[in-house]
Structures are given as C-alpha cells and as structure tokens.
Amino acid sequence: MTMADKYLMGAATSELDRMLFQGEMFRPEAERLLDRCGPGPGGRAVDIGCGPLGILDMLSERVGPGGEVVGLDVQPEMLDLARRLVTERALDNVRLVEGDAAAAPEERGAFDFVHTRLVLMNVPHSTDVLSAMVALARPGGTVAVQDVDWVSRVCDPPHPAWTGLVDLIAELWRLSGMDVHLGRRLPRLLRGAGLTDIGVDAGIRVFQHDHPYQTLLVDRAELCRDALVERGLTGHAELDRLTGELRDHLARPDTVVVHPILFQAWGRVPGGPAAKALPQG
Ligand SMILES: C[S@@+](CC[C@H](N)C(=O)[O-])C[C@H]1O[C@@H](n2cnc3c(N)ncnc32)[C@H](O)[C@@H]1O
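In this numbering scheme, every chain counts its residues from 1 along its sequence in written order. Whole-chain, interface and lining totals are the exception, using all residues; otherwise, since this is a predicted model, local features are given only for residues with pLDDT of at least 70 and side-chain atom pairs are given and counted only at 80 or more. The side-chain values count all of the structure's non-hydrogen atoms but skip hydrogen atoms and water molecules.

1. Regarding the overall build of the chain
Cut-off, in case you're wondering: In this description a helix means any DSSP run of H or I spanning at least four residues, a strand means any run of E spanning at least two, and both kinds are numbered starting from the N terminus. Radius of gyration means the value over C-alpha atoms here, while the globule rule gives 2.2 Å times the residue count to the 0.38 power. Each residue's exposure class comes from its accessible area (1.4 Å probe, protein chains only) as a fraction of the maximum for that residue type: buried when under 20%, exposed when over 50%, partly exposed otherwise. Only heavy atoms matter for contacts: two residues are in contact if any of them lie within 4.5 Å across the pair. Areas reported here follow the Shrake-Rupley algorithm with a probe of radius 1.4 Å; residue values treat only the protein chains shown as occluding.
For the chain, the helix and strand inventory stands at 11 helices and 10 strands. Expected size for 281 residues packed as a compact globule is a radius of gyration near 19 Å; at 19 Å, the chain falls within 12% of this value. With respect to the principal axes defined by its C-alpha atoms, the chain has extents near 55 × 35 × 35 Å. Every one of the 281 residues in the chain was classed for burial, and the buried ones make up 54%. Counting only contacts in the chain whose residues sit at least 6 apart along the sequence, the fraction spanning at least 24 positions is 81%. Accessible surface, the chain: about 11600 Å² in total, of which carbon and sulfur atoms supply 54%.

Quick look at the structure:
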C-alpha cells in the first residue's frame, strides 16, 4: 500500500481533530443528502473511509435500533478514535471494520445505503473504490458520494502565494494519481459504475479571517511539505516564503477565502425495490 493509498495527510491527532471539526461543519449538507436518499429505520448502511466519525452518528440515528451501520476505514488510528466516539455516544448499532475499501471487505449486495465522503479524491484508485461500493449495495440500494472540486478555490483580494500553493498541491495530487476536480465528475463516474437515477447537488462555503478554515490551504501545504519537496515540486525555502506570505495575507480582516465546492451525487443499483424514489437533484 502506498502512502497515497492510505491518506496523504496522515493520521496525526491534529488531523483527526480537523476531520471531526470538518464533519460538524458539513453536517447540514450531510443531513440534506440523507433526507433525500438516506436509509430508513431498520436499514443497513456503510460509511466507506469513515475516518474518526464520518457520518456514522447520522446514519445510526436514521436506521435506528433495528438497523445496522458499518464504518470502514483502512487506517487503525482513525478507527481507534471512531471506536471511542461510538462507545461514548452509545451508538450501539454501529460496527467498525478495518480494511481497504477497494476490496469491499463486507457482505456484498447487502446494504441499502453505501456512502463515502472526501475519500475518492484522496485515493489513486477511485474507480476501484466506487465499483466496490456498488458491489456492497443491494439491488435497488443507493450509493452516495460527497467530494470536492477545487474549481472555486480562490481568495480575495487575490495573492500569488495563494495561486502558487493551490497549483503545487493540485500537482502533487495529480502526480499521486488523484484529482482535485473530482467533484464535477461524480455523476459521470456513478453512471459509469452502472448506477441509474443519478442525482447531483453542490454547496459552497466562504470564510473570513476568524474562521479556522481560513488557513486550511496553508495548513495543508505544510502537512504535505515532505511530499512536495520529495517530488521536486518545490524547495523548503520557497515553501517557507509562500506559506509565510499567505499567512500574512489571510490574517487581514478583509481577506475572503472560497472553499472547494462540495459535490453530492447519488444513484441506485438497478433491479430490486428502491427504498424510496430518488430525487434527481
Ligand atoms: C479525508 S478523510 C475523510 C473521513 C470521513 N469520510 C469524513 O468525511 O469525515 C479520508 C479517509 O479515508 C480513509 N481511506 C483512504 N483510503 C482508504 C481505503 N482505500 N479504504 C478505506 N479507507 C480509506 C482514510 O484513512 C481517511 O480516514
């Protein structure tokens, strides 16, 4: 397994905390997706690459005591924290499984709802993971994906250090077989994976200086500093200059940051009864 197969950003405590923060921030979007096409009481759902929590708590509530939720992740550190949170929150219908999503290490054709968020953009073999997700869903079951597209990733006033860092990280992702513009391709990928009744939606967030995500781009660049330098994309001195200049710019009260678009796409496995009619988005 390569580093990119796991997760380029690693599993340090600060990264796990960030994922939990991000999960809370995107809770309204996830609830909206589940309102549209999520599982009902008694259903079986799986969150692929659930990280330290993903949407396990929301799925747990929706399927209720008669249902089951599986959280699957490849990194044990993620599952350690997920296990703690699942216990603390008494999410008794949640089961955690360690494994590679591409291998679909669960009963095939058994899930009413198969979901993943912010995973496909971070794996080089996203179509393999998607095929495995489709294999896990029962005929008539739903597969739903949430992932980003960096097309909106700008700051205002513009700054060359912003553009420089966006380009560097996008290139690192590309060299690792990943795509920072995956979001827009999701409907096409779902269709290509054999799903029908495809729906799509997207949402966007904008931040100012007092929001922790104002500095996300610089934080990410520093987190993948070694990979950027090892790939020969930049040097330590250049990266120090870019991150330093950008931190100053982002700290200005008038600087606005536009987050990547969060796409949501969903579709149904042909055959079998649909839980409910899927909206087309
Ligand atoms: C950015 S995090 C997203 C976590 C969670 N889905 C959320 O939205 O909060 C990506 C997660 O995908 C997991 N992951 C990456 N590749 C995977 C694979 N091949 N199989 C299972 N999980 C994987 C990582 O370990 C990490 O927990």
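2. Remarks on the sheet that holds strand S1 (residues 44-48)
To keep things clear, this is the line we draw: The rule for pairing is simple: two strands pair if DSSP sees at least two bridges between them. All axes are obtained by fitting lines to C-alpha atoms, using only the stretch in contact for helices, and the reported angles, taken between N-to-C directions, cover 0 to 180 degrees.
Strand order in this open sheet of seven strands is S3-S2-S1-S4-S5-S10-S7, and the pairing throughout is mixed. Strands at the two margins of the open sheet, each flanked by one partner only, are strand S3 (94-98) and strand S7 (196-203). Direction aside, neighbouring strands of the sheet carry axes that sit 15° apart on average. One ladder, built from four bridges, connects S1 with strand S4 (residues 111-117); its direction is parallel.

3. Structural notes on the packing of aromatic side chains
Rule in force here: Working definition: a ring pair exists when centres of Phe, Tyr or Trp rings (six-membered ring for Trp) sit within 6.5 Å. Plane angles under 30 degrees give stacked, over 60 give edge-to-face, the rest tilted. In this scheme, Lys NZ or Arg CZ marks a charge over a ring once it lies within 6 Å of the ring centre and within 35 degrees of the ring normal.
This model, assessed by the stated rule, comprises two aromatic pairs. Centroid distance Phe21 to Tyr213: 5.6 Å. Interplanar angle 50°. Geometry classified as tilted. With Phe21 in helix H2 (residues 13-25) and Tyr213 in the loop between strand S8 (206-207) and helix H9 (216-223), this pair connects stretches of sequence that are 192 residues apart. Aromatic pair Phe207 and Tyr213: ring centres 5.9 Å apart, planes at 80°, arrangement edge-to-face. Through pairs of rings, three or more aromatic residues link up here, namely Phe21, Phe207 and Tyr213. A cation over an aromatic ring shows up here: Arg44 above the ring of Phe111, its NZ or CZ 4.7 Å from the ring centre. The ring of Trp150 carries the charged tip of Arg153 above its face, separated from the ring centre by 4.4 Å.

4. What to know about the nonpolar core
Operational definition: Residue types Ala, Val, Leu, Ile, Met, Phe, Trp, Tyr and Cys, when buried and joined through side-chain atoms within 4.5 Å, form a set referred to as a nonpolar core.
Counting residues in each nonpolar core, the largest one holds 64 residues, and the members touching the most others are Ile48 and Val114. In terms of residue count, the dominant contributor to this core is helix H7 (residues 160-175) (eight residues). Not counting chain neighbours up to four residues away, the residues in contact with Ile48 comprise Leu72, Ala101, Val114, His115, Thr116, Arg117, Val119, Val129, Met133 and Leu136.

5. Regarding the environment of Gly244
Within the element layout of this structure, Gly244 appears in helix H11 (residues 236-250). Between the C-alpha atom of Gly244 and that of Val218, which follows or precedes it by 26 residues, the distance is 8.8 Å.

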